[in-house]
Amino acid sequence: MEGVGLVLGPLLLVAGVLARLGQDDFFTGQLAAYAAQPGRMTLSYSLFAAGNVLLWPAVICLARRIGDSAPGWARWGVALVLAGLFGRVFHAGVSHLAFQMVDALGLEAAQRAVASSYGAFHVFKAVNILIMTGWIVLAVAAFRAKALGTGAIGAARCVALALAHALPIGVLKGSSDALAWAALLGLTVALVPLGVTVLRQAPAPKPWLVALVLVLIPIAFVAGVAG
């Protein structure tokens, strides 16, 4: 689970942003892109949301490695980053609702509704600062514990991890500017190699268990869609 999260979490984020390249990053442009290509934008935001969820086991794995020599840093780092991920998943839900408003009300009405409610209060505003600072704390912790390697390579991967703080925050963010790409590539450089190592070192799952998971995933999806 942790190895899969380390590998697929960053890659799904990258895939999600690639799927919406060429669109205006502001919410009006994102809604217009959905009106023109609903399938493409649904895929894009679904990949991005799934990537954020898969960063949960990835962060847990990294925190455990840090905890061997810096337990305090590990606890703070994982707590801050996970709180930030909760906020991002909330934002994904609001973005999903905004897209449904395009279908239900039309593009212009949806744009007006989002514009008039964009700054509305919600409890997850409290974690916006954690979305940014959490990755920096976790990167410092990883550097102190040498959890991402030693020497110049380990330090570079820690810096890459800290770049994740630059990923734009909020609802209907295109996330295709230079800072966003630096954050996405930083996450990839920092976490994917660790994920490959974890997958190689972990004991192979039993074939029957793999088959069971592959069967249950579509069943769970169909059950969820059916309500």
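Now for a description of the structure that goes with this document. Since we're looking at a predicted model, the values are computed, not measured.

## Considerations on the packing of aromatic side chains
Tallying each qualifying case throughout the model produces five aromatic pairs. Taken together, the aromatic side chains of Phe26, Phe27 and Tyr118 make up a single cluster linked through ring pairs. One residue, Arg20, lies across the ring of Tyr45, its end atom 4.2 Å from the ring centre. Directly above the aromatic system of Phe48 lies the positively charged group of Arg20, at a separation of 5.0 Å from the ring centroid.

## Some thoughts on the side chain of Arg20
Along the chain, Arg20 falls in the loop between helix H1 (2-18) and helix H2 (27-36). It turns out Arg20 is buried and unbridged, and the closest side chain with the opposite charge, Asp25, is 6.2 Å from it. A polar side-chain atom of Arg20 sits 3.0 Å from the main-chain carbonyl oxygen of Gly174. The contacts of Arg20, once residues within four sequence positions are left out, are Gln30, Arg40, Met41, Ser44, Tyr45, Phe48, Lys173, Gly174 and Ser175.

## Remarks on the nonpolar core
Ranked by internal contacts, the top residues of the largest apolar core, which has 41 residues, are Leu62, Ile66, Trp135 and Leu161. At the level of secondary structure, the elements contributing two or more residues to this core comprise H1, helix H3 (38-67), helix H4 (71-105), helix H6 (128-145), helix H7 (151-162) and helix H8 (178-201). Element by element, the count of residues in this core is highest for H8, at nine residues. Judged by nonpolar contacts, the second largest core, of 13 residues, contains Leu31, Ala33, Met41 and Tyr45.

## Quick word on the pattern of salt bridges
Per the stated rule, a full pass over the model turns up one salt bridge. We note a salt bridge from Glu2 to Arg64, for which the minimum N-O separation is 2.4 Å. Of this pair, Glu2 sits in helix H1 while Arg64 sits in helix H3, and the two are 62 residues apart along the sequence.

Reading the values: rules and limits
- Residues numbered from 1 in each chain as written.
- Predicted model: local features only at pLDDT ≥ 70, side-chain atom pairs only at ≥ 80, totals over all residues.
- Heavy atoms only, no water.
- Phe/Tyr/Trp six-rings, centres within 6.5 Å; stacked < 30°, edge-to-face > 60°.
- Lys NZ or Arg CZ within 6 Å of the ring centre and 35° of its normal.
- Helix = DSSP H or I, 4+ residues; strand = E, 2+ residues; numbered from the N terminus.
- Buried < 20%, exposed > 50% of the residue type's maximum accessible area, 1.4 Å probe, protein only.
- Lys, Arg positive; Asp, Glu negative; His and termini not counted.
- Salt bridge = Lys/Arg side-chain N within 4 Å of Asp/Glu carboxyl O.
- Polar contact = N/O pair within 3.5 Å; in protein donor to acceptor, adjacent residues only side chain to side chain.
- Contact = heavy atoms within 4.5 Å.
- Core = buried A, V, L, I, M, F, W, Y, C linked by side-chain atoms within 4.5 Å.

Everything listed here is a matter of coordinates, which is why it stays silent on function.
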